[in-house]
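# A closer look at the structure
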Amino acid sequence: MKCSKRPTIQLGLAAATALSLAASLTKSCDAFTSPLANHVNKRSVSSLGAIGLGPDDQSPTLEKEAAEDGMVGEKTFKYANPYDPERVIKGEDGEPLAHITDHDPYRLSRMSNSDRAADAWFGALLESEGDSFLGPISEEHKQRLLQKVELVDEPVIAYGEEEWTPYVVRRLPTSPLYPAYGLETYGLPVPRRGAEAWRQFDVNGLIAMDYSGRPEGVGTDKELSEKEVEDAVASLKSKGAWLDDDACDGRLVYINGQFCPSLSKTTDEVKNLNSADFESGLSTETLELLTRLPDGHTDKLAAEVPDSDKGPLNSLEKLSGPDHCVGKAISQFAINNQQGTAAFAALNSVKAGSVAYVHASMKDASADSEDAGDAPKPVLIVNAQTPSGGSASTEEDKGVAFHPRLLAVADDGSVLSLVQMCVDLNEDSEEAPCATFVNGYTQVYVGANANMTHAFLEESGGQVTSRVEISDEEAAEESIANPREEEAKRPALRDTHFQAIDVHITGDEGSYAGSVMELGGCGRSRIAISTSLLRPGASAAVNGFSLSGGAQRSDMRTNIQHMAQGTISRQEQRNMVGGRSTASFRGRIRVEQSAQQTDSEQLSRTILLSDHARIWATPSLEIIADDVTCTHGATISDLSEEELFYLRSRGLDRTTARNMLMYAFVEEIGSSVDERIAGAFEDENGLRSRVIRRLENLVPQGEKTLVGGEFQSA
């Protein structure tokens, strides 16, 4: 088929009307068009182009239009620039309004009482008594927190420059410049009830608790007697949080934030880094890795991202720029897409007593087993806490804060299996319970052709109270204690657990498989995992399971960022919400412009076990590249009545049938955990048995009343 060089365009009535409107709008909008010397482009297309019908061959060039308007070679232009600092803006009384150049008096003007309380709560954690132990890391991150952001306008980029973009937000010279939400007092964003990163989380309940206490002995090793060692090992084995020396490549155990040498198995590659190691001087590479902050607040990428058009990319804020980049990490636009973990990661650096360090090299991978087909032995990291939390305070309302830290590095060609566990220890002791705040930070770096599996199991806080969904009348009829009143008295309801997991795949063909299981009974829990695929061929699988019941508030957030070409990610998130608990899941996948040929899948599935349980499930997909294969979705339902009927028709009672369906829902995630931790089916202390006991505690009782006569399937 042959096309002429000058095609004829036939316009209908609607198109002709659009042309007429475009011509009139072009003139009426001239007063708001910035000159070429600033960031806004002068008319560069004809009316046909303005309504999407293509360019007009006879339209004058941009240079010709500019010359006719007297806009070339002049310092003053025909059209006023609305952002010009010299512009005169008049008020309602006709008098010129004063230009605002000092913005500090307005820094705190938008804060609510809740915002001020959140800043005071965070400040109490930051300024709590005790030394810092991570040397230059502690100093740098504390300075980062205390240094307020500078309130200055973004520079004006002239049209035609490489970083010019029409997507800019500017203030009028008579308006003040405010810091981004959460940055009024500190240099990194802290919690805000209405912020995107903290939406649906119990911020008011969090800041109402005082966690400014500190456990005794932080920064020193915990010495145990032989009897205490025996008791601790027995307790850890009952929680499934123990591997014998011949079953693991390393084991690091921490109790109330203190490292326990008598319970640990250390090597040159698996060890505890204390203040003496930081004083004697760690390698520059290790210090650089520990200095990194999540959520883009360390702008330099952990590895160069190859790009055929722009060359190696090193800056996170400029990826997919200039039109689609997220910009500076302290901008409001960037903060709206963050997980809110940067301030707590910096707080961890200031308050952590030591760092668990795991390093896997290729020579270790080849020497671990005689048979190359054998799976590597896992490295186990255990953070245990006693009812008192190690606090010596006599104040009942004053809780304590722990700040566990882990750095795991898998060198090129290495294989590493890493398991992290958070458990209770000696919970049957007579110690007075103390409210605890766990603020964990895990950093993972995976090299070229390295293969790393990582499991994070949060099982602290005991079990929630069952059947809190029943009414007071039902409890009275059954002559049982009111479950809601019992749940309100549960000490662990005052506990809070935060965990940030920051993963960077820094080598070609590197592989990371992570499993996160949120099973504990803390009143508030929040786990955020971020995965960056920086090199071609990198792959990541992120699976998660969140179980909540009683009066819990749980939050799971994931971020997978594809930066390099040909990367692959798979994510499956499963949530089970019962009792009167509230849960939320927000999963974000972003595919940068440099990440062509990305293959990504995301699925969130949720089962609601009670009519009083609530879930917010928000999977999101941001694609800047144009050659990708990406899918995402979410489902929310209850247990399938059809499947329950099938199992009961085979002789199972109602409770067993429900528990079987609930366990099958969890098992697909639990099966990805290292088999030495998962244990055999008959192992009463294995992961499967522990999960079954927690599910039995939440299994719905009685018959379900169907609404609408239709079955729901999960």
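Details of the structure are given in the entry above.
Presented here is a report on the structure given in the accompanying data block.

## Digging into the sheet that holds strand E21 (residues 599-608)
Reading across from one edge, E3-E2-E8-E11-E13-E15-E17-E19-E21-E23 is the order of the ten strands in this open sheet, with mixed pairing throughout. Both edges of this open sheet fall to strand E3 (258-259) and strand E23 (629-637), since each of them pairs with a single strand only. Pairing of strand E2 (residues 250-255) with E3, which is carried by two bridges, proceeds in the antiparallel orientation. Residue pairing across strands places Ile255 opposite Gln258, the latter belonging to E3. Sheet strands in contact with helix H16 (residues 654-670) are strand E15 (511-518), strand E17 (539-548), strand E19 (568-577) and E21, and its direction is about 150 degrees off that of E19. Against the sheet, helix H18 (residues 687-698) engages strand E11 (415-424), strand E13 (451-458), E15, E17 and E19, with an angle of about 40 degrees to E17.

## Concerning the pattern of salt bridges
Within this structure, the stated rule accounts for 28 salt bridges. Between Arg524 and Asp202 there is a salt bridge, with its nearest N and O atoms 3.7 Å apart. Here Arg524, found in strand E16 (residues 524-533), pairs with Asp202, found in the loop between helix H5 (136-146) and helix H6 (203-207); they are 322 residues apart in sequence, far enough to count as distant. Between Arg574 and Glu668 there is a salt bridge, and its shortest N-O distance comes to 2.8 Å. Separated by 94 residues along the polypeptide, Arg574 in strand E19 and Glu668 in helix H16 bring together distant segments of the chain. Shared partners join several salt bridges into a network, and the residues in it are Asp115, Asp119, Glu184 and Arg192.

## Considerations on the nonpolar core
Leu236, Leu263, Phe545 and Met576 are the most contacted members of the largest nonpolar core, which totals 48 residues. By residue number, the principal contributor to this core is H16, which donates seven residues. Among all residues touching Leu236, those that are not within four sequence positions of it are Ala241, Trp242, Val253, Val382, Ala384, Val423 and Leu425. Counting 39 residues, the second largest nonpolar core, distinct from the first, contains Ala356, Ala410, Phe456 and Val542.

The rules we used
Just so you know, the residues in each chain are numbered from 1, in the order the chain's sequence is written. It should be noted that, the model being predicted, local features are given only for residues of pLDDT at least 70 and side-chain atom pairs only at 80 or more, the latter also being counted only at that level, while totals for whole chains, interfaces and linings use all residues. Only hydrogens and water are removed before side-chain values are computed, so all heavy atoms of the structure are retained for them. A pair of strands is labelled paired if DSSP reports no fewer than 2 bridges between them. Numbering of helices and strands starts at the N terminus; helices are DSSP runs of H or I of at least 4 residues and strands are runs of E of at least 2. Only heavy atoms matter for contacts: two residues are in contact if any of them lie within 4.5 Å across the pair. Between the N-to-C directions of two axes lies an angle of 0 to 180 degrees, each axis being a line fitted to C-alpha atoms and, for a helix, fitted only over the stretch in contact. We define a salt bridge as a side-chain nitrogen of Lys or Arg found within 4 Å of a carboxyl oxygen belonging to Asp or Glu. Working definition of a nonpolar core: buried Ala, Val, Leu, Ile, Met, Phe, Trp, Tyr and Cys residues. They are joined through side-chain atoms within 4.5 Å. The cut-offs for exposure are 20% and 50% of the maximum accessible area for each residue type, with area from a 1.4 Å probe on protein chains only; residues under the lower value are buried, those over the upper are exposed, and the others partly exposed.

Such coordinate-based values are descriptive only and should not be taken to indicate function.
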